[in-house]
Amino acid sequence: LRPEIVHFHDPEILWISPFLRLLGITLIYDSHEHFPKQVTSKPWLRPALFRTFLSKIVALYEHFFILFVNRVISVTPEIVNRFPVKKRAMIRNFPILFSAKSDTQSTRVLNPQSLPVAIYVGGLTRIRGIKELVDVFARLENKCELQLFGFWESEDFKELCMNSATSNVFYLGAKPNEEIAQEVLKADIGLALLYPVKNYLMSYPVKAF
């Protein structure tokens, strides 16, 4: 493509930055998560001591290859302050505001026969509390409905959750932002039950807004 600017957010490909700079390309590294702390929350990296060691290696890797990028942007002070002052900039990752329509298609009106609707939008993963949500709503089968939107972390995890789901739990797939906005308007309760892992403790989950 021979672009003038490359904006990327995968730390796994930071190593290619020196080669792109040799081609005269301006590089923007979008560090929207604390990569070293993200490593410490991977349960499949065992033992825990190895995760700690790997986290330090990852931090060194990231800071070395940052030398070759032109700018680093991030979304929270805790993350952006990790990088050199001359290269860093903070750009908040808040959702775009949308206006609620007044018609009945976008505003859900409860009636005595309908259950309140709780909604979760985002990655359907273990550390985002999805299994716990499904288990809780099993106790609320006749009191509240749960709607899940997004992609599952794996087929095995999807099977684990949905096999124990009761009749008030619905997986409705992944949808475009415009459609999701309308689903959020129709719902009564929004859910964001992320685990308190180090990476999440310094983030602002878009789903909460």
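In what follows, the accompanying structure is described. Because the structure is predicted, anything quoted here is derived from the model rather than measured.

By rolling a water-sized probe across the atoms, one finds the places where empty space is left. Taken as a whole, the second largest pocket holds about 300 Å³ of empty space. Pro11, Glu12, Phe35, Gln38 and Lys42 are, among the 17 residues lining the second largest pocket, the residues nearest its centre. For the lining of the second largest pocket, the secondary-structure elements that each account for two or more residues are strand E2 (26-30), helix H2 (35-40) and helix H3 (48-66). Of the residues that constitute the lining of the second largest pocket, the class distribution is 7 nonpolar, 4 polar and 6 charged.

Bringing the pairing of strand E5 (residues 117-121) into the picture now. Among the 5 residues of E5, 4 are classified as buried, and the element is accordingly described as predominantly covered. Judged from the 5 bridges that link them, E5 and strand E6 (residues 145-149) form a sheet pairing that is parallel. Paired with Ile119 across the bridge in E6 is Gln147. Handedness of the E5-helix H5 (residues 130-138)-E6 crossover: right-handed.

In space, the 4 strands of this open sheet follow the order E7-E6-E5-E8, with parallel pairing throughout. Two strands bound the open sheet, and with one partner strand each, they are strand E7 (169-171) and strand E8 (189-190). The pairing of E6 with E7 spans 3 bridges and is parallel. Residue pairing in the sheet places Leu146 in a bridge with Val169 of E7. Contacts from helix H7 (residues 177-186) reach E5 and E6, with the element oriented near 150° to E5.

The rules we used
- Residues numbered from 1 in each chain as written.
- Predicted model: local features only at pLDDT ≥ 70, side-chain atom pairs only at ≥ 80, totals over all residues.
- Heavy atoms only, no water.
- 1 Å grid on protein atoms, 1.4 Å probe; cavity = no way out; pocket = protein on both sides within 12 Å on 5 of 7 lines; lining within 4 Å.
- Points joined across faces, edges and corners; volume = space filled by probe spheres on them.
- Helix = DSSP H or I, 4+ residues; strand = E, 2+ residues; numbered from the N terminus.
- Nonpolar A, V, L, I, M, F, W, Y, C, P; charged D, E, K, R; others polar.
- Buried < 20%, exposed > 50% of the residue type's maximum accessible area, 1.4 Å probe, protein only.
- Pairing = 2+ DSSP bridges.
- Right-handed = clockwise from strand over helix to strand, strands pointing away.
- Contact = heavy atoms within 4.5 Å.
- Axes fitted to C-alpha atoms, helices over the stretch in contact; angles between N-to-C directions.

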